[in-house]
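Summary of structural features
Below are the chains, spelled out letter by letter.
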Amino acid sequence: MSGPTPELPLVVLDALMPTAQRLVLDRRGSTVWEVESHRGRYAVKLGYPIEATPEWPAQPWTALAPAREGAVLHRLGSDEIAYGEWERGTWNIQPWHEGSDLYRLWEPCRAEGSSVEPHSSVALGCVEALAGLHPKGWAHGDVQPAHFIIGPERTHLIDLALARGGHVPEGYDFPFRGCLVHYEAPEIARSVLASGEAEPTQAADVYALGASLLISATGWRAVEYPDDASRRVQRKAIVDGHRRPVTVPGELGRLIDAMLSPAPEERPTIYDVGKALI
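Conventions used here
- Residues numbered from 1 in each chain as written.
- Predicted model: local features only at pLDDT ≥ 70, side-chain atom pairs only at ≥ 80, totals over all residues.
- Heavy atoms only, no water.
- Helix = DSSP H or I, 4+ residues; strand = E, 2+ residues; numbered from the N terminus.
- Contact = heavy atoms within 4.5 Å.
- Areas by Shrake-Rupley, 256 points an atom, 1.4 Å probe, with all protein chains shown as cover.
- Lys, Arg positive; Asp, Glu negative; His and termini not counted.
- Charge placed at Lys NZ, Arg CZ, Asp CG, Glu CD.
- Phe/Tyr/Trp six-rings, centres within 6.5 Å; stacked < 30°, edge-to-face > 60°.
- Buried < 20%, exposed > 50% of the residue type's maximum accessible area, 1.4 Å probe, protein only.
- Arc of directions from axis to C-beta.
- Pairing = 2+ DSSP bridges.
- Axes fitted to C-alpha atoms, helices over the stretch in contact; angles between N-to-C directions.
- Parallel < 35°, antiparallel > 145°, perpendicular 65-115°, else oblique.
- Left-handed = near helix turned anticlockwise from the far one by under 90°.

**Describing the overall build of the protein chain**
When its secondary structure is counted, the protein chain shows 10 helices and eight strands. A fraction of 59% describes how many contacts in the protein chain between residues 6 or more apart in sequence connect residues 24 or more apart. Put simply, the protein chain shows about 13700 Å² of open surface, and 53% of that area lies on carbon and sulfur atoms. The centroid of the 26 positive side-chain charges in the protein chain is displaced by 3 Å from the centroid of its 37 negative side-chain charges.

Have a look at this one:
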């Protein structure tokens, strides 16, 4: 990371007037805060550029990601969104979603010798969250277990900074260069290997959801490669089809297997997956 952990900028403090704040996530290029105020609970995201290191190239796009996500959420009709710029990058404010992410929720399924099976109702909640995006013509582009928050009333799909499907202000936009590789569809990995960029699609989202359900239920990635493999090696394994067998039992396992089809046109749509689970 370049420099110390950023504090909340004055523009955000003035907007929310926090009564309490907690740093939730601190990673290269961004921080996420839970903020309480007289208006309610909010998630605040700050983005700043990643400087080059011997191991990593510079990544200036991380500074734009919060504002880009804010613009996407606004386009999708969210009215409790604010976003803008601060001295090191951009920020957004959005409602806080209470709940557990998919991977943590299904931890009992992964325990050694466990007889706990992944519940189809949880999978259906994730499907419904993604199905709220696809009919509007959008693809999420970064589907992964941590981005499904299973709350007491519904499941929320978060982190839409990489989503594609509508206009985003040019000053906040940047090319899609892939996502967390464990959940990349073969066609996305192939394009990133060839050109450094790709185009998120709804079919790739379905693949990523299948990979998310699989790793959350079993602890195994959809594709086999060494834990310390470089991203290029990981993507090459995905393109070459080094898939693990799906060991999730029952209808959910059969659905996951179909969602992980190497051919995008052979995957079910998110509507088909939801219909099968119902």
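**Regarding the packing of aromatic side chains**
How two aromatic rings sit relative to each other is set out by the distance from centre to centre and by the angle between their planes. One pass over the full model with this rule turns up two aromatic pairs. Ring centres of Trp61 and Phe174 lie 5.2 Å apart, and the angle between their planes is 40°; this geometry places the pair in the tilted category. Here the residue Trp61 occupies a position in the loop between strand S3 (40–47) and helix H2 (65–75), and Phe174 occupies one in the loop between strand S8 (155–157) and helix H6 (186–195), the gap between them amounting to 113 residues. Taking the relative accessible area as the measure of exposure, Phe174 reaches 7% and is therefore buried. Taking 6.1 Å as the distance between ring centres and 80° as the angle between the ring planes, the aromatic pair formed by Tyr83 and Tyr172 counts as edge-to-face. Placement of Tyr83 in strand S4 (residues 82–86) and of Tyr172 in the loop between S8 and H6 is noted, with a sequence separation of 89 residues between them. Look at Tyr172 and you get buried, because its relative accessible area is 16%.

**Observations regarding helix H8 (residues 231–240)**
Three or more residues of H8 are buried, namely Gln234, Arg235, Ala237 and Ile238. For H8, the angular spread of the buried residues around the axis is 155°, confining them to a single face. Residues of H8 that are buried sit in contact with H6 and helix H7 (202–218). Positive backbone phi, at 80°, marks Gly241, one or two positions downstream of H8.

**Some details on helix H10 (residues 270–277)**
Of all the residues in H10, the buried ones are Ile270, Val273, Gly274 and Leu277. One side of H10 carries all its buried residues, which in axial view fall inside an arc of 95°. Residues Tyr271 and Lys275 are exposed on H10 and point more than 90 degrees away from its buried face. On the buried face of H10, the contacting elements are helix H5 (120–131), H7 and helix H9 (250–259).

**Observations regarding the sheet that holds S8**
In spatial order, the strands read S6-S7-S8; together these three strands make up an open sheet with antiparallel pairing. If you trace the sheet from one side to the other, it starts and ends with strand S6 (100–101) and S8, each paired once. The pairing of strand S7 (residues 148–150) with S8 spans three bridges and is classified as antiparallel. Bridge pairing in S8 links Ile150 to Thr155. Strands in contact with H5 are S7 and S8; relative to S8, the strand with the most contacts, it is inclined by about 45°.

**A word on the pairing of S4**
Judged from the five bridges that link them, S4 and strand S5 (residues 89–95) form a sheet pairing that is antiparallel. Bridged to Tyr83 within S5 is Asn92. Here S4 folds back onto S5 in antiparallel fashion, the turn holding two residues.

**Quick notes on the packing of H6 against H8**
At a minimum axis separation of 8 Å, H6 and H8 run at an interaxial angle of 130°. With respect to H8, the element H6 is oriented oblique. Along this stretch, H6 crosses H8, giving a crossing that reads as left-handed. Judged by residue contacts, Pro186, Ala189, Arg190, Val192 and Leu193 of H6 engage Arg232, Arg235, Lys236, Ile238 and Val239 from H8.

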